Every structure is written in structure tokens, then in C-alpha cells.
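Each chain is listed here by its residues.
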Amino acid sequence: MEKQNKAPAVNMKQVEKIITGYKGQKWALIPLAQEIQEKIGYIPPEAIPRIAGSLGLFPSQVQGVVSFYSQLYTHPRGRNIVSVCRGTACHVRGGKSILKLVKQHLGVDEGQTTEDMEYTLETVACLGVCALAPNMMINKDTHGNLNPKKISRIFGRNKKE
Amino acid sequence: MEAITIVLNGVPVSGFPGTSILDLARESGVYIPTLCYDENLVSVGACRLCLVEDERNGALLASCVAPISPGMVIKTNSPRVVEHRKKILKLLLASHPDTCLVCDKGNRCHLRKLAAEMGIGLVEYQKIPQPDVIEELNPFIERDLSKCVMCGKCIRADQELVVEGAIDYMNRGTAVRPATLNDVPLEKSECTFCGTCVAVCPTGAIMEKNRTYTGTAMTTVTTVCPYCGCGCTVLLGIKDGKIIYTRPAPTSPVNRGTLCARGSYGLDFVHSPDRLKSPLIKVDGRFKETTWEEALSVVADRFMQIKKADGADALGVFGASKCTNEENYLLQRFTRSVLGTNNIDNGSRLYNAASRVGLGTTLGYTGTTGSLETLERSSVIFVIGADPEISAPAISFAIKRAVKFKGAQLIVIDPRRTPLTQFAALWLRPRPGTDIALLNGLAKLIIDEKRMDEEYVTRMTDNFAAWAKSLSNYTLARVEDLTGIRVKDLQAAARLLAGAEEGSIVYGNGITQQPESAGAVIAIANLAMLTGNAGRRGGIFALERENNAHGACDMGALPDFLPGYQDLSDVQARKRLEERWHCSLSSRPGLTAMEMIQAAEAGVVKGMFIIGENPMVAFPQPSRVKEALSKLEFIVVADMFLTEMAGLASVVLPAASFAEKEGTFTNFAGIIQRVQKALEPVGISLPDSEIIMRLARASGSPMPFSSLQQVREEIERIVPFYHPAAAAHARTGDPDLSDVDDTMPGNRRLYHGLFPRGFGRFVPVEYTPIIDEKTNGHRFTLMVGSSRYRFGADGRSSRSARLKQFSPGDYLEISAVDAGGLGVNGVSRVKVVSAHGELLTYLKINDSLPRGLLYMPLSYSGGVYELFPAVLSAGTKAPALKTCAVRLERITEDGEAK
Ligand code: SF4
Ligand code: SF4
Ligand code: SF4
Ligand code: FES
Ligand code: FES
């Protein structure tokens, strides 16, 4: 099931404007990428050749740098980030089924964003609150001692089959 | 600089500061294993296999990146080093799928070789194969990145050597790998299939695809690519009489480890089933196979009959810009001394006659003035009417390296976007055919702004005042008006070029195939001299289409020059040759290629000998050429294939390919390079040299050579710049021929930084508008040029299975706006009509074309030259083959034109 996000149309004019501000400054790739992400939410792939052209780099080089940093995204992200823990403690206490449930509720796979741009589903190695396992985080809030009921309560309205 | 001394494995050795430990070790003959190191690439120290130990402090250093420093005591093989190296290699192997036994890289896999060297068995690390082959449709390269060890060589080769930027690292951690933009297959990326990354990959991660023959090469033969005038050195891997792979020679000063798609994947024409295997003779309109004896005696008899009945000038010889120097020399000697005529010309007439005339009148010699190294170190590079990325890739690589890594400023002058324009500091788009106005305008601007190189102009040139005066009406306003280039850009270009520490001008067929071609070349030479960039610093670089265009002309395969550009009218020169050749030479200049065809049409020339050329594709008005040639009483063709041309012949002689013979080719910069035999000729085909010598014997005038070496010795004596000393200087790029007899006329090189005549001459040239038939609704300008995956008249490239598969047919590029206006799209079939002919083809939208301009590649047998008039320019006797006025007609479903 290949779920493609219907991202809201990117305002390329705005991207273009940001890029122009860094013209010819090869070293400025990272600040430029950060600024685009800050203002647009992510780095649209179609911006990569433009960034490259403006800085005098190859598009493949720009992609290399952007894909190197986990904090730079080339896909639009949802308004809320759901991070399900797949650390050891959570794993032994059913973390795997929690992830499966969340997936069912949101109708997306790991790394994907719901069509309405509400949620992006990610996994993390350990949230550092193993005592409450199984855990997940939504934005800055941790949700512990998860069970199917709790999941339903949290995502209730969103259940998709 | 003081040398630094270190102790290497107990022996003191020294090198200059900055030298890496590895380089010094290699110089001293000490072996250190490496994986990510390559002599042509910047070292990154990625694999750490090249570890060595500094005994003073036990530090382990990656020798490929660690520079030598005073007092170092280096051990390359201490137990600690060996242990670490083994560990590293095991780690690499542990993440490498154990499919080695079925891996095609086989014995060329460097990883496997290192494992064997260090005694690490592969079986120890038996793992499940994880094939990760990327679905790729191209017929050239396949990737299985599960075998990638992340040495980064492919990426560095792609970015540092060929400067395409098709691949770079993607992702991080364990997911990292070399990838194209958006991770698409290579054929959808910027990749040009040059094969350079394939050659450097130490594992089977990037490999050549669709090899007809597999296995491990038994021998490797170093020879020269037979396609373009760059003359890249190639290594042919040979097994059982077949070329199983082609690799760039890492040390060649021309290509430095790179090739283009034609060189890497286009040499399989050698094994084409179409190769002619024995002589053919036409009996009742059909070819039948025959023996060499019969074929050659028929040829000799018929030539001698025609000579007796109608005179020697009823014979004509055309050929050989693809053949070796030795073959060209023999051919012109045969033509002049056995046939007795000067009717000899070669295929480069169509694209380099303008250089011979234009550079001849100004500089006094006939070609490129510097080496690729000169070009690469230039601070400003001015490219006009040339698309070297397509027509002469090795030159393009050098230009891009200069821009990317050496800070050169590039000025591109071309109405079309070319792959070079994205590297340009300045891209000017003149209206087609207005180059002379542009060049004159720039020259005037430089003089007016007092930016010329006064000292150079005073000391090295003459006729400056008269020429400068001739520029008076090339005012900025007028030049802007004529060319369509804004004053601001004209000024920027003039200032850049004039301000260059070292400036080079590169031109190609966009200049040499226009109607005023010789004039345009003169204007280029004027500009180069004005800025002091002709020979002493920077230079003029004339691209050549065919591999040995330069050599064929040097050897005198020309109707108006004896070998080495000695004038036919020079009694002394003729006498020297007459004594040597025991004959008397005609002083009457012969006919050029097109003139021979016109003379055939008129019934004046009655017999022709055509070697490796195909006038029925390469000349304007192919159908008229065919009619003209059909009138000949007798045609002999020597070729590898039964081309359209060979089909007309009475006798066809099967010629050996470049891989099946010995000799030399001279590249665009005058470097003479060795061609070495790798294979036996197919069937009973023979090298052209042998064909010509046997024909001379059959004609009753055998030539006194029993080996090519003897031919070479005669060439060295007659053509001064083929003297080994001169050739060596050409190779080093250091043009100093002081130890050669420089009283001989026609030396190609500038010696002592001086012109052969002692000075360069400014020559006024006037811009004349192209008289194009824009009436009659011919409202488009069609431009014709080279294509990446097909070449020249297409005889060879159409018989390369992979090139043909990837780029099967002809097409016409049109801008989206023009296509919209005509109501056609990217799949429409159209009829292209000029005042001289018409053809059918498919449209392809190219948004970078300006409105009104169309582009069509020449190298498909689509007969694009049918559209061009067969008018010869007075100075060069060559037809203009660059642009012509056309109109388009849409073809409807049922094939009706609309
Ligand atoms: S084949 Fe050439 S252009 Fe393509 S990725 Fe390799 S080096 Fe780059
Ligand atoms: S594909 Fe080959 S050359 Fe490129 S990084 Fe991997 S192993 Fe090295
Ligand atoms: S650049 Fe020219 S000589 Fe070199 S490989 Fe390509 S076609 Fe051959
Ligand atoms: S393992 Fe899940 S929070 Fe630590
Ligand atoms: S060869 Fe030196 S680090 Fe790879």
C-alpha cells in the first residue's frame, strides 16, 4: 500500500525568495536548508535543483547533505508527530502490537503522514521512560502504560479501516 | 621547497612537503594496499586499509591522506598494522554479500583481490546473498549496491573527473549509499553513461551491463578510441579474440581516467555481424565474394584503364579521417605517385577546412595551439559555437574541472542551452550566423577600452592598425542590434576575456560549418592575438570531429598540400618527394571532396577510391550525391561495413577495425598516439595500409615498405613535426621545436613562443548576413549538431548494439511555444521542408530552445543534410552545414501532411 501524501501545494515563490537570499554562497547550504524547513515545514524535493543552481552545487550533492541530517525532511510532516517506542522495555511489553494498532488507527505506515496532514507516524529507539512501557509520544507529551483502549481513546475519531 | 626525509621500512627516503606517505611509498617501490585511493581523485581516507604505523609514537595513519613530516619512522607492515588491516577488511567483507563466485566483476574485483592477498577466506563469512539490484533500463550500467563498500570513488569520479554530478551520497548511517537525485534509475538522472565510475569501483557494485562476452580478460591492450578527435587512451580487455570490456587509461594526459559513453560502450561495432569479411565484386548488379588477388587486380586494371583513357585527373580519392597516419600517408603517396593526381581529400573537409584556412592566414599554422593542460589551467575559457560535452567530451571534462575546481570563468556563446551553460559565468545567445559581428564587436570594445595586450600585439603581430580600422563600424549599438546580445553582456564578456591572466578560446562546428566559416575562425584568431592568448599563454582550441582529422591533413591527404602542409607549388618540396618516390608529381591542385562529386556529376571524374567515408550521409543533398556517384564508371570502397556508399561500388574491400591494426592517430591538439593491435582482423579483412600497399603492387608500382615502422620513418623525414623529438614536445605540451629543422615550412607548433612566420597577422573580416530563404514560410532556423550516443555518419555507432538500443532514432527538437503554435506535441510526426529538400521525423520538446530555433542531431541515417544546399564556400571549398531555414508540416494519422 503506497500512501502518497497529498501535501498542500508548496509556495515555490516563497522558497525561491529564501534561496535568492543565499545566492552564490556555497557554504550556506545548511542555514539555507534550515530556513526553508522553518518557513515551509520541510524541504520540497523540487526545491533541491534550485538550491543547487543558486549555490553552484550539483543537485545530487544538495540531496546528499539534506538526507544526511535527520533533522532535515524532504516530505511534509503532519501537525502532530507520533513517536512510538520500539526500545527493548517497550518491546517486551507489547510495543509491537501498539505500533500495529496505531498504524491501523492512522491508516499510515512508519514515516508517513495522514492524508489530512494531522499526524506523522515515527518510531524511536527509547523514550527514556521505560518504567511506563509500552510508551509513545505525541509532540511533547508522553503517553505510557499503553493498551488498545487507551489508543482508541487517543485516536478514536481517527480510526480508519 | 625543502625536501623532507622520513624512514620508510628502515630506509631513509625523501619527498616534498605535502606528499602523502602513500605517494612517497609508491615512488619508492613500497606496496601499501588501498581501496578508496585513486591517483586521479582527491584522497578522502574513507576505508583506512592503507594504514601504516609511525614507530615513534605508535600512531596508525591512513597513508593516502597523511602527509610526510620530518622525522617520521614509518612501518608499512608491522604486526599491528597487518592485524588492523585484516580487521578492517573483515568488517568490509562482513557487510558484503557473498555472491563473489557468481559476481561478474570476478578477478577485477579489488576487494576480492585484497582479501586473497591478506589470506582472508571468503567462506568464513558465508552469508545470505542480498541482491539489491536497482531496476535500470539502460543498456550500459547496472548497480547492485549491496556490494558497495562506500569508498566513494564513484562519486568522486563523477564529480571530480567528468563533473556531471549525477550521483552523491544519500542518507546516513547504515543506509548511506551513492544515489542519483531522488534515487531514480541512472537513465532518468544526469548520468551520461561515461563509464568512469564503473572503471574505478573496486567491487561489483557498479558494473557494465549487457556484455556480449563475459569472463576474465587474458590480455589488456592500450590503444586509442576511434570516435572523436579527443583521442582518449583506452584499455581493451581481450579474451578469446573478443573485446570484453573497455576502460579508460588512468595515466593518459588526454583523458586522465575518463571516457565518454561512446568510448566505454560503443566499441562493440568491432564485433558487429555486419562486418565485411571478404572482398566483394559486383557481377550483374549483385555482390559476390572474391579473393584479394582478383579484387585488387580488377581495381588496379580499371584505374589504369581510366588513367590511360581520360588522364590521371579522371580519378579521385576520398578518405581516411578515421584511418591512421601511416594509412593516410600511404594513401596520398599512392594517389600522387601511382595514380598521378592530386585529387585527394578527406572527410574533415566538412568541418575543419575553416580552421586550416582561418588559422593559416592569421597564425600561420593550422590547428589547436595548446594542450588540454593549458586549457584546464586557463583562468577564462571562452566557448563559441561548440558543444564539447557532446562532440568532444574529454575537452568538456577539462573545461568543467577548470571551472569547478580551479576557479576559471566560463563564457559560453551559443543560441542553444548546452550542458556547459550551467557552468558559465556568462552565457550569450547570439542569433545564429552573427558570430563575426559579435567577435568583431568584442575586439573593438577591447581596443576602445584599452584592454588589449599592447606588448604582445607590438612584438608578435603585424597589420594591427589596418585591422583595427576595419572594425570601426562594429559599434556596440550595431553589434547589439545584429546579434541580439545586450550591450551590458557584450561589455562583461570583453572585460572578462581581456582581463584574463590566461585565456583560452574553444570553438567547434558551430563556427566551422557556417557559411562564413573561415572568416569566423579569423575573427577568433584576431581576438586571441589581441588579448595575447595565442600560444604563449592560453590558446585557441579547435574541436575535431573524427579521431584522425588532424593526422589525415598533416599527412597530406589534401588536394592542395603535400605532406606536412608543404605547398604543391613549391618546386623544391616537390623535387624532394619526386626523388624519394621515383616519380614526377603534378603541380596542379586537385579537387576537394565536393568538387570531385560535382566532377563526377559532370562526367569529368570517372573513377573513385573511397576509404572509410560515407559521402551519402555526410554531404549535403545525399540523393544528388548518389546520382552523381552513380555516374562514375568505377568505384572502389574500402570499409568495415556495407554502407550506402559501398552499395554503389563495383568492388568493396573489407577493412580492419582500429582494434585490428597498428599505427598512430593524431588528436585535436596534435598529440601523436599509438594505436595497438588487439585482435586479428575479421574474416580475411586487412588494415587499410596493407590494402593500399597491395594495390600499389597490383598496379605495378610497389611501395618500398616492408613494415609500418619503415612508413613511419619516411613520415618523420618528410613531415618535420612528426619527428620523434617534435612529437615528444607535443605530448608534454611544451611547444619548443628548436631541435627540429625549423626552416621547413608548415611547422604546426609555435616554437620559442613565436609564430612560424615570425609574427601573427591581424586580418580584417566583415560580417555578412546569412541569406536564408525565410520567405516561402520557412520561418524556422534548423540547427544541426552532434549527439551523445551516435557519432558522425553513424557507420560505427549504428552498429554498436548498446548505443543503438539506447538512442534508436532521429528526432527534431522544438521549443514548447513553437510546438504549441503549430498544435503539435512531443510525439507528433512532422515533415521538415527547406528550399532544398524535405524529411520526416519525430518531434521532441526542448524548452531551452529559443523560439524559432529547431535542433536536429546529424548522426542518424535520417538524411538531415537533404535539407541543405550543396553550395561551397569559396575559401574552404566546404558546404555550410550548420543552419538552414525550414518550415514544418504536421503529419496526420493517415500520413497526410497538413
Ligand atoms: S557513468 Fe559517468 S555520468 Fe554516470 S554516474 Fe558514472 S561517472 Fe557519473
Ligand atoms: S559503488 Fe563502488 S565505487 Fe561507489 S562507493 Fe560503492 S564500492 Fe565505492
Ligand atoms: S571523448 Fe572522444 S575519444 Fe574520448 S572516449 Fe569519447 S568519443 Fe572516444
Ligand atoms: S524502551 Fe520504550 S521507553 Fe525505553
Ligand atoms: S586507501 Fe587510504 S583510506 Fe582508503
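Residues numbered from 1 in each chain as written. Chains lettered and ligands numbered in written order. Predicted model: local features only at pLDDT ≥ 70, side-chain atom pairs only at ≥ 80, totals over all residues. Heavy atoms only, no water.

## Regarding the overall build of chain B
Link 1 in the chain: Looking only at helices and strands, chain B has 30 helices and 36 strands in total.
Link 2 in the chain: Relative to the compact-globule value of 29 Å for 898 residues, chain B shows a C-alpha radius of gyration of 29 Å, a close match.
Link 3 in the chain: Judged by the C-alpha coordinates and their principal axes, chain B covers about 85 × 70 × 70 Å.
Link 4 in the chain: Taking the contacts inside chain B whose residues are at least 6 apart along the sequence as the reference set, 72% of them involve residues at least 24 apart.
Link 5 in the chain: Counting every atom, chain B has about 32,600 Å² of accessible surface; 52% of that belongs to carbon and sulfur. (Helix = DSSP H or I, 4+ residues; strand = E, 2+ residues; numbered from the N terminus. Rg over C-alpha atoms; globule rule 2.2 N^0.38 Å. Contact = heavy atoms within 4.5 Å. Areas by Shrake-Rupley, 256 points an atom, 1.4 Å probe, with all protein chains shown as cover.)

## A few points about the site of ligand 1
Link 1 in the chain: Surrounding ligand 1, one finds Ile141(B), Asp158(B), Val162(B), Glu164(B), Ala166(B), Ile167(B), Cys191(B), Thr192(B), Phe193(B), Cys194(B), Gly195(B) and Cys197(B).
Link 2 in the chain: Within the shell around ligand 1, the residues separate by chemical class into 8 nonpolar, 2 polar and 2 charged. (Near = heavy atom within 4 Å. Nonpolar A, V, L, I, M, F, W, Y, C, P; charged D, E, K, R; others polar.)

## Details of the sheet that holds strand β11 (residues 233–239) of chain B
Where strands meet in a sheet, backbone hydrogen bonds hold them as pairs that are either parallel or antiparallel.
Residues and elements named next belong to chain B.
Link 1 in the chain: Taken in spatial order, the 3 strands make up an open sheet running β10-β11-β12, and their pairing is antiparallel. In this open sheet, the two edge strands, each paired with only one partner strand, are β10 (219–224) and β12 (242–248). Sheet twist, expressed as the mean angle between neighbouring strand axes with direction ignored, is 30°.
Link 2 in the chain: Strand direction decides the pairing type here: β10 and β11, joined by 6 bridges, are antiparallel. Residue pairing for β11: valine 221 is matched across the bridge by leucine 236. (Pairing = 2+ DSSP bridges. Axes fitted to C-alpha atoms, helices over the stretch in contact; angles between N-to-C directions.)

## Looking at the interface of chain A and chain B
Link 1 in the chain: The interface of chain A with chain B comprises 15 residues on the first partner and 18 residues on the second.
Link 2 in the chain: For the pair chain A and chain B, the summed buried surface comes to about 1,200 Å²; carbon and sulfur atoms form 52% of the total.
Link 3 in the chain: Counting across the chain A and chain B interface gives 0 salt bridges.
Link 4 in the chain: The tally of links from chain A across to chain B stands at 6 residue pairs in polar contact (both at pLDDT 80 or more).
Link 5 in the chain: Going through the elements one at a time, α3 (48–55) and α4 (59–68) of chain A are the ones with two or more residues in the side of chain A that touches chain B.
Link 6 in the chain: For the side of chain A that touches chain B, the leading source of residues is α4(A), giving 7 residues.
Link 7 in the chain: Of the residues that constitute the side of chain A that touches chain B, the class distribution is 8 nonpolar, 7 polar and no charged. (Buried area = accessible area lost by both parts, 1.4 Å probe. Salt bridge = Lys/Arg side-chain N within 4 Å of Asp/Glu carboxyl O. Polar contact = N/O pair within 3.5 Å; in protein donor to acceptor, adjacent residues only side chain to side chain.)

## Details of the pairing of strand β21 (residues 503–507) of chain B
Residue and element names in this part refer to chain B.
Link 1 in the chain: Burial analysis of β21 places 5 of its 5 residues in the buried class, which makes it a mostly covered element.
Link 2 in the chain: Here β21 shows a buried face lined by Gly503, Ile505 and Tyr507 and a second buried face lined by Ser504 and Val506.
Link 3 in the chain: Relative to strand β22 (residues 539–542), β21 runs parallel, the two sharing 4 bridges. Bridge pairing links serine 504 to glycine 539 in β22. (Buried < 20%, exposed > 50% of the residue type's maximum accessible area, 1.4 Å probe, protein only.)

## Observations concerning the site of ligand 3
Residues and elements named next belong to chain B.
Link 1 in the chain: Neighbouring residues of ligand 3: Cys225, Tyr227, Cys228, Cys230, Gly231, Cys232, Leu259, Cys260, Arg262, Gly263, Pro393 and Ala394.
Link 2 in the chain: Contributing elements (two or more residues each) for the shell around ligand 3: α6 (261–265) and α12 (393–406).
Link 3 in the chain: Along the lines of polarity and charge, the residues of the shell around ligand 3 split into 9 nonpolar, 2 polar and 1 charged.

## Section: the sheet that holds strand β1 (residues 80–85) of chain A
Residue and element names in this part refer to chain A.
Link 1 in the chain: In space, the 4 strands of this open sheet follow the order β2-β1-β3-β4, with mixed pairing throughout. Both edges of this open sheet fall to β2 (119–124) and β4 (141–143), since each of them pairs with a single strand only. For this sheet, the mean inter-axis angle between neighbouring strands, taken without regard to orientation, is 25°.
Link 2 in the chain: Judged from the 6 bridges that link them, β1 and β2 form a sheet pairing that is parallel. Along β2, the bridge assignment pairs isoleucine 81 with threonine 120.

## Thoughts on helix α21 (residues 571–581) of chain B
Residues and elements named next belong to chain B.
Link 1 in the chain: Looking only at α21, the buried set comprises Ala573, Arg574, Leu577 and Trp581. Along α21, the residues classed as buried sweep out an arc of 95° about the axis, all on the same side. Structural note: α21 exposes Val571 and Glu579 on the side pointing more than 90 degrees away from its buried face.
Link 2 in the chain: Those residues of α21 that are buried lie in contact with α8 (325–339), β23 (561–562), β24 (566–567) and α27 (708–718).
Link 3 in the chain: N-cap assignment for α21: the residue whose side-chain oxygen lies 3.0 Å from the backbone N of glutamine 572 is aspartate 570.
Link 4 in the chain: Count one or two residues on from α21 and you reach histidine 582, which has phi positive near 50°. (Arc of directions from axis to C-beta.)

## Brief notes about the nonpolar core
Residues and elements named next belong to chain B.
Link 1 in the chain: Ranked by internal contacts, the top residues of the largest apolar core, which has 71 residues, are Leu236, Ile381, Ile395, Ile399 and Leu410.
Link 2 in the chain: It is α12 that provides the largest number of residues to this core, a total of 6 residues.
Link 3 in the chain: In contact with leucine 236, other than residues within four places in its own chain, are Thr219, Thr220, Val221, Thr223, Ile243, Tyr245, Thr246, Leu267, Phe658, Ala659 and Ala678.
Link 4 in the chain: Listed in part, the 57 residues of the second largest apolar core include Tyr365, Ile446, Tyr474 and Ile524. (Core = buried A, V, L, I, M, F, W, Y, C linked by side-chain atoms within 4.5 Å.)

## Describing the environment of Ile21(B)
Residues and elements named next belong to chain B.
Link 1 in the chain: With respect to the helices and strands, the residue isoleucine 21 is situated in helix α1 (residues 21–27).
Link 2 in the chain: Among the residues examined, isoleucine 21 registers a relative accessible area of 1% and is labelled buried.
Link 3 in the chain: A sequence separation of 40 residues divides isoleucine 21 from leucine 61, and the C-alpha atoms of the two residues are 9.0 Å apart.
Link 4 in the chain: The contact partners of isoleucine 21, leaving out residues within four places of it in the chain, are Val52, Leu61, Ser63, Ala66, Pro67, Ile68, Met72 and Ile74.

## Thoughts on the pattern of salt bridges
Residues and elements named next belong to chain B.
Link 1 in the chain: The full count for this structure, using the stated rule, is 53 salt bridges over all chains.
Link 2 in the chain: Between arginine 761 and aspartate 462 there is a salt bridge; the shortest N-O distance is 3.1 Å. In this pair, arginine 761 sits in strand β30 (residues 760–761) while aspartate 462 sits in strand β20 (residues 461–462), placing the two residues 299 residues apart along the sequence.
Link 3 in the chain: The salt bridge partner of glutamate 838 is lysine 831, with a shortest N-O separation of 3.5 Å.
Link 4 in the chain: Here the residues in one salt-bridge network are Glu164, Glu389, Lys400 and Arg788, joined through shared partners.

## Some points on the domain arrangement of chain B
Residue and element names in this part refer to chain B.
Link 1 in the chain: One can read the domain layout of chain B as domain 1 (4–94), domain 2 (126–271), domain 3 (280–348 + 548–731), domain 4 (352–543) and domain 5 (773–890).
Link 2 in the chain: Between domain 3 and domain 5, the C-alpha centre-to-centre distance is 31 Å.
Link 3 in the chain: Taken together, the 18 residues of domain 3 in the interface contact 16 residues of domain 5.
Link 4 in the chain: For the domain 3 and domain 5 pair, buried surface summed over both sides reaches about 1,400 Å², with 64% attributable to carbon and sulfur atoms.
Link 5 in the chain: By the criterion of area lost to domain 5, the three top residues of domain 3 are Pro620, Gln621 and Phe641, representing 33% of everything that side buries.
Link 6 in the chain: Run the count over domain 3 and domain 5 and you get 1 salt bridge.
Link 7 in the chain: Where the side of domain 3 that touches domain 5 is concerned, the elements lending two or more residues are α22 (593–601), α23 (615–618) and α24 (622–630).
Link 8 in the chain: Split by residue class, the side of domain 3 that touches domain 5 holds 9 nonpolar, 5 polar and 4 charged. (Domains from an automatic or database assignment.)

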